[in-house]
Amino acid sequence: MTKTRNLISLVAIALALTAPVAAQKKAKIPSDPEVATKLKALKSIAGDKKFTQDAKGIEIIDELIQKQEKGLNAQDQKNVAKGLDSLLNKGRLRPATKAQIYNATAEALGRHGKAGAKALKSAYEKKRFPKKREWVSLREKLLINIGRTKEEAMVKFLLDEARRSPEAALMAAAGKALGNFAESKQKLRREVVSGMIIKW
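Residues numbered from 1 in each chain as written. Predicted model: local features only at pLDDT ≥ 70, side-chain atom pairs only at ≥ 80, totals over all residues. Heavy atoms only, no water.

1. A short note on the confidence of the model for the protein chain
Considering every residue of the protein chain, the mean pLDDT works out to 88; 84% of them sit at 70 or more. A low-confidence stretch, residues 3–23 stays under pLDDT 50, and its non-local contacts, those more than four residues away or across chains, total zero contacts. (pLDDT = per-residue confidence, 0-100. Contact = heavy atoms within 4.5 Å.)

2. Re the environment of methionine 154
Turning to its location among the elements, methionine 154 is positioned in the loop between α7 (136–148) and α8 (155–164). Not counting the four nearest positions on each side in its chain, methionine 154 is found in contact with Ala117, Lys118, Lys121 and Ile146. (Helix = DSSP H or I, 4+ residues; strand = E, 2+ residues; numbered from the N terminus.)

3. Focus on unusual backbone geometry
Residues other than glycine seldom take positive phi values, yet phenylalanine 51 does so here, at roughly 60°. Its location among the elements puts phenylalanine 51 in the loop between α2 (33–46) and α3 (54–70). Residues other than glycine seldom take positive phi values, yet lysine 150 does so here, at roughly 60°. As for its placement among the helices and strands, lysine 150 is situated in the loop between α7 and α8. Judged by its relative accessible area of 48%, lysine 150 falls in the partly exposed class. (Buried < 20%, exposed > 50% of the residue type's maximum accessible area, 1.4 Å probe, protein only.)

4. Overview of the packing of helix α6 (residues 113–125) against α7
Two elements in contact, α6 and α7, have axes whose closest approach is 9 Å; the angle formed by their N-to-C orientations is 150°. The orientation of α6 with respect to α7, classified from their angle, is roughly antiparallel. Along this stretch, α6 crosses α7, giving a crossing that reads as left-handed. Contacts from Ala117, Leu120, Lys121, Ala123 and Tyr124 in α6 reach Arg139, Leu142, Leu143, Asn145 and Ile146 in α7. (Axes fitted to C-alpha atoms, helices over the stretch in contact; angles between N-to-C directions. Parallel < 35°, antiparallel > 145°, perpendicular 65-115°, else oblique. Left-handed = near helix turned anticlockwise from the far one by under 90°.)

5. Side note on the pattern of salt bridges
Two side chains carrying opposite charge are able to pair once their charged atoms lie near each other. Summed over all chains, the structure comprises 12 salt bridges. As a salt-bridge pair, arginine 111 and glutamate 69 come within 3.6 Å of each other at their nearest N and O atoms. Of the two residues, arginine 111 sits in the loop between α5 (100–109) and α6 while glutamate 69 sits in helix α3, which places them 42 residues apart along the sequence. Taking the relative accessible area as the measure of exposure, arginine 111 reaches 31% and is therefore partly exposed. The partner of arginine 133 in a salt bridge is glutamate 167, with the nearest N and O atoms 3.3 Å apart. In this pair, arginine 133 sits in the loop between α6 and α7 while glutamate 167 sits in the loop between α8 and α9 (168–178), placing the two residues 34 residues apart along the sequence. Given a relative accessible area of 62%, arginine 133 falls into the exposed group. What you see here is one network of salt bridges that share partners, running through Lys156, Asp160, Arg163 and Arg164. (Salt bridge = Lys/Arg side-chain N within 4 Å of Asp/Glu carboxyl O.)

Structural data, given as structure tokens:
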């Protein structure tokens, strides 16, 4: 009887200790008012005709990355991904020599899962950043960050680039991107491995 009481006591203590943790996990993350402010500033910078505020734009993007890593609610994440997508795919086009803000945007979108992967793939495929030597460096970063999103729907696209891109640097970038799927389900890992074996 004493053993039973002791066991019940231990269970009760365990439940008491774990309850706050469980409640904490379910707690909703409030909206961050700074996100809207930063996205508004970023939109203005994206339309700057002289690109004089790009350094500030990169700083804002870094701050948004930090907020993403600390935790944003679903709506804030959606808004950030949308704002970054707009900068990359719709904002006033910078020349290849001033693409630093695009590099930062690609890095940020790589942390936004499906939405980030979609925006990055769109930038890679459209004519905005053409298949020319001066854009290879940016296009590498687009591919690498598509992989970073770990969006499994992008595996076929990355395999195609790793096998068929006429640019060696892009083939390598796609191969590196595929390394992000090392912890995916076995079926997908086999698809990646067999796809690369076909190439080599």
